[in-house]
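Below are the chains, spelled out letter by letter.
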Amino acid sequence: MNILYIMFDQLRHDYLSCAGHPTLRTPNIDRIAREGVRFSNTYTQSPVCGAARMSCYTGRYVSSHGAQWNGYPLRVGELTLGDHLRDAGMDCWLIGKTHMKADVKGMERLGLSPDSIIGARQVECGFDTWCRDDGLWAEGPDGPYDTKESPYNTYLKSKGYGGSNPRADFANAGAEGEEMATGWFMHNADRPANIREEDSETPWLTSEAIRFIDQAEGPWCAHVSYIKPHWPYIVPAPYHDMYGPEDVVAAVRDPRELEDPNPVFAAFTGGRIGRSFSRDEVRSKVIPAYMGLIAQCDDQMGRLFGHLEKTGQMDNTMIILTSDHGDYLGDHWMGEKDLFHAPSVRVPLIIRDPRPQADATRGTVSETLTEAIDVTATIIDAAGAEVPENIVEGRSLIPHLHDNKDRKERAFAISEYDYSTHPAGAVLGLEPKDARLFMVATQDWKLVHCEGGIAPMLFDLANDPDELCDLGRDPAYADVRARMYGHLHSWTLRMSQRVTVTDGEIKRRASSPPTTGILLGLWDGSETEPAYSERYRGKAPARPEGD
């Protein structure tokens, strides 16, 4: 069985028609939901790209792998999905984005050359790379955000698009007469991107995925990682006007959220992004473009799945659809991601297992608490390998797909956020070690612990599903906060760093006494098997002559 691991960047959990969006149509993604299981209660491990993805690729919590923000290197030697799959005899390829930064200093310390096979995999987050393009080709006074060569820009230049950065000038900009209408300015979001639709980012990456599939020899895992519907919010025709202001769902927000708010929430809503997305004119421009980007993604899923069917591979390919985090889009007076309300921290997750063992669950929706790192464990399990629980902290979802009655249910889900390099940290005057948040969520409650002596946030998900009333400082809910802190405390006590020795190895050592001559606590040797002390019995050897 092959595994197609598809990730969209910044796709909200509720912006799919199968998830109940009232006007957005996503028939091709819906098809996978009908043929698989949609997990409706899935949390990302961090509401920021880099940290979330490093958890997806390692199967570990953010505080376990340590790459807690965009641009923070994933330390050299951290085991990733590619390492686990290659041990199981499966190739693991990247097609698209990782947002991973290599631990160059660590590689130099260990003498690992990036030109070697091992070094190249360290640089590319453990993947063999078919095509990596993080889509971060912005430019400013300090130079480009990403200094690597963009394969997508190379493609555009081969198609005749001019300039040094056609992604910025064409794929993510419209035109107003002879003037560029950049997608960075949200008032341009309703303009069509100045590019042929077939040359835009999402179709280009789909073409790369198809090229990979056509030459691949199984079994393989392909991580097809799209940059869209991530900002800049601009999309080519015909998707730019496929949806309009009338399709914009009312913002989930209440003025009372801004009355005596938690200081962390106030710092984020008071920033430039929060102030922008609090304006209805911004939402009425951006959200239709965001929906158009999703519609284009869905059409490309139809193209990709059609190719699998045409080549006879649909019936032997597991398909996983998810995202790294969501997008506030003005809900809770915020834009982008960053905090732990559902629009930001919950992600879509749909898994289609082609094997007959999954027939009983096809078309179902599972409300079990799941985490992004569970996907890592699921892929390892699907590849036929044992999930190394001393390393991978996620849980395989195969038992849920196969309706196994012995499946384990999570009591709570965890997400983390180190915002020390975000402007909100400076606004709050926090030291880097204190600009950290920890979310613990059950089916009925969500608590956000704020380091730095700041009060927690608490939401009653059962009676306030929109998370509009923060009960974090309400004396009446002290017992609930204590219970949620108990969950968080039990999570902090997890064994997360003993990655080189498995529980099985420890049990084998404990059940088999050592026979290497280390004999402790003996009085005369009668307390143990004679063979263990045989080396130390018998006639004493002669001493050498002399003083």
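Residues numbered from 1 in each chain as written. Predicted model: local features only at pLDDT ≥ 70, side-chain atom pairs only at ≥ 80, totals over all residues. Heavy atoms only, no water.

Peer 1: Break down the sheet that holds strand β15 (residues 370-371) for me, with residues and values.
Peer 2: Within the open sheet, the 3 strands sit side by side as β12-β3-β15. Their pairing is mixed. Looking at strand neighbours, the two that pair on one side only are β12 (346-347) and β15, the edges of this open sheet. As defined by bridge partners, strand β3 (residues 42-43) adjoins β15 across 2 bridges and the pair is classed as parallel. Looking at the pairing, T42 lines up with T370 of β15. (Pairing = 2+ DSSP bridges. Helix = DSSP H or I, 4+ residues; strand = E, 2+ residues; numbered from the N terminus.)

Peer 1: I'd love a proper account of the sheet that holds strand β18 (residues 445-450), names of residues and values included.
Peer 2: What the 4 strands build is an open sheet, ordered β16-β17-β18-β19; its pairing is antiparallel. Strands with a single pairing partner mark the edges of an open sheet, and in this sheet they are β16 (413-418) and β19 (454-460). Across this sheet, the average inter-strand angle for adjacent strands is 15°, counted without regard to direction. Of the strand pairs in this sheet, β16 and strand β17 (residues 436-441) are connected by 6 bridges, and their pairing is antiparallel. Note on β17: the bridge partner recorded for A413 is A441. Its contacts with the sheet place helix α17 (residues 478-492) against β16, β17, β18 and β19, and it is angled at close to 70° to β18. (Axes fitted to C-alpha atoms, helices over the stretch in contact; angles between N-to-C directions. Contact = heavy atoms within 4.5 Å.)

Peer 1: For the packing of aromatic side chains, give the residues involved together with the corresponding values.
Peer 2: Tallying each qualifying case throughout the model produces 20 aromatic pairs. Taking 5.3 Å as the distance between ring centres and 50° as the angle between the ring planes, the aromatic pair formed by W184 and W231 counts as tilted. Within this pair, whereas W184 is found in the loop between β9 (179-182) and α9 (201-215), its partner W231 is found in the loop between β10 (220-226) and α10 (263-269), the two being separated by 47 residues in sequence. In this structure an aromatic cluster arises from ring pairing among Y15, Y233, F277 and Y290. Cation over ring: R253 sits above W333, and NZ or CZ is 4.6 Å from the ring centre. (Phe/Tyr/Trp six-rings, centres within 6.5 Å; stacked < 30°, edge-to-face > 60°. Lys NZ or Arg CZ within 6 Å of the ring centre and 35° of its normal.)

Peer 1: Outline the side chain of D298, listing residues and values.
Peer 2: Structurally, D298 is set in helix α12 (residues 280-310). At 2.8 Å, the side chain of D298 forms a polar contact with the backbone nitrogen of I29. The residues contacting D298, other than those within four sequence positions of it, are T26, P27, N28 and I29. (Polar contact = N/O pair within 3.5 Å; in protein donor to acceptor, adjacent residues only side chain to side chain.)

Peer 1: Explain the pairing of β17 to me, and be specific about the residues and the numbers.
Peer 2: Taken across its 6 residues, β17 has 5 buried, putting it largely inside the fold. With 5 bridges connecting them, β17 and β18 associate as antiparallel partners. Bridge pairing in β18 links V440 to L447. Adjacent in sequence and paired antiparallel, β17 and β18 are bridged by 3 residues. (Buried < 20%, exposed > 50% of the residue type's maximum accessible area, 1.4 Å probe, protein only.)

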